[in-house]
Amino acid sequence: MQQQSQQTARHRASSARRLLRRNVAIALAVTATAAVLAAPSASAGTGRAYSGSVVTDVKTAAAFDYDAGEIPENITVNPDGSVTLSLLGSCAVCERTDAPQLMRISASGQRTVLATGQLGEAISGNTRGDDGTVYYSVFAPGNADRNGVYALGQDGASQRIAALPIGSGPNGLAIDPAGDTLYIADSFQATIWSVPVTGGAVTPWLTDAALAPVPTEALPIGANGLRFHNGALWVSNFNQGTLLQVPVTPTGAAGPIRQVAGGLPNIDDLSFLTPWSDVVFVAQNGSS
């Protein structure tokens, strides 16, 4: 029975890899299934790769139609077993003209649209505060009145709580363990911004060449996914293909950047197996 389950999981993973190669284009994106189904895994502490199956008996919770403009980007797991998912809408390398959406998907697969952006925008990162507030990034090229981070109130209304300057590309979001500060990956400015969860003016928490995009790439995207884990902020760099660890000092400042892994072209979002595990999953767009 165990061998049969492993074979089934490998078959599903193989099918998912074929699906990703066929449908997933390079964008400010991570597919909803990539983090589990088509993600290499490694030990965050040792850098050791795992050759066996870390996650087995995988099943599809929700399927999306890329050709219809459903382009999953970022995912947050909620305490009730539901997930909050960003849908990009328009695609940087295809002819999609759909408005982006933020939606909740229940454990049974029911979808509820929480917020809808404007045409030409992208809803990229999202995260959840301790009080249940949902935060999400809106990348609005050329529109200073829309570009930034939004909070979804308990009444269902969205409000921009942090404006990012024109030329910035807000992407991944993470809240510090204390629940007080929101961190924003800027995919264009080689910067991670910080802002109180209550909103206000953004502050550059870290600016470094390790976070920068590669300007000669078709899609110059640098810092992408963000996760807090064991006293550090983990960052992926899409163009440079790196996974980075940034320790947080007792004063809240950024410590020296450490490259955990390289050679991961088009790396997007990342996640850890559990809050206590040293196994990290990364998604690579357009790659198995």
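Residues numbered from 1 in each chain as written. Predicted model: local features only at pLDDT ≥ 70, side-chain atom pairs only at ≥ 80, totals over all residues. Heavy atoms only, no water.

## Description of the confidence of the model for the chain
Quick note on the threshold: pLDDT expresses how confident the predictor is about each individual residue, on a scale running from 0 to 100. In this analysis, two residues are considered to be in contact whenever any of their non-hydrogen atoms come within 4.5 Å of each other.
Scored by pLDDT, the chain has a mean of 81; 77% of the residues are at 70 or more. The low-confidence segment residues 1-41 (pLDDT under 50) makes 81 contacts with residues lying over four places distant or belonging to another chain.

## Here we look at the sheet that holds strand 9 (residues 158-163)
Adjacent strands of a sheet form backbone hydrogen bonds with each other and so pair up, either parallel or antiparallel. Cut-off, in case you're wondering: Between any two strands, at least two bridges found by DSSP are needed for them to pair. The secondary structure listing takes helices from DSSP runs of H or I that are at least 4 residues long and strands from runs of E that are at least 2 residues long, numbered from the N terminus. For helices, the axis comes from a line fit to the C-alpha atoms of the stretch in contact; other axes are also lines fit to C-alpha atoms, and the angle between any two N-to-C directions lies between 0 and 180 degrees.
The strand order across the open sheet formed by 4 strands is 6-7-8-9, and the pairing between neighbours is antiparallel. Each edge of the sheet is formed by a strand with only one pairing partner; in this case those strands are strand 6 (122-128) and strand 9. Within this sheet the neighbouring strands show an average axis-to-axis angle of 30°, counted without direction. Bridging between strand 6 and strand 7 (residues 134-139) involves 5 bridges; their strand directions are antiparallel. Considered in strand 7, the bridge of N126 is made with Y136.

## Quick word on the pattern of salt bridges
Selection rule: Salt bridge, as applied in this entry: a Lys or Arg side-chain nitrogen positioned within 4 Å of an Asp or Glu carboxyl oxygen. Exposure classes here rest on a 1.4 Å probe applied to the protein chains alone. A residue is buried below 20% of its type maximum, exposed above 50%, and partly exposed in between.
One pass over the structure, following the stated rule, counts 3 salt bridges. Where E121 meets R146, a salt bridge forms, and the shortest distance between an N and an O atom there is 2.6 Å. Taken together, the residues span a long stretch of sequence, with E121 in the loop between strand 5 (111-116) and strand 6 and R146 in the loop between strand 7 and strand 8 (148-152) at a distance of 25 residues. The partner of D269 in a salt bridge is R227, and the shortest N-O contact between them spans 3.3 Å. Of the two residues, D269 sits in strand 18 (residues 267-272) while R227 sits in strand 14 (residues 223-229), which places them 42 residues apart along the sequence. Here D269 falls in the buried class, since its relative accessible area comes to 6%.

## Here we look at unusual backbone geometry
Unlike most non-glycine residues, N230 shows phi in positive territory, near 50°. Secondary-structure assignment places N230 in the loop between strand 14 and strand 15 (232-237). With a phi close to 65°, N266 is a non-glycine residue in the positive phi region.

## Let's talk about the environment of P177
In this structure, P177 sits in the loop between strand 10 (170-175) and strand 11 (181-186). With 51 residues separating them along the chain, P177 and F228 place their C-alpha atoms 7.4 Å apart.

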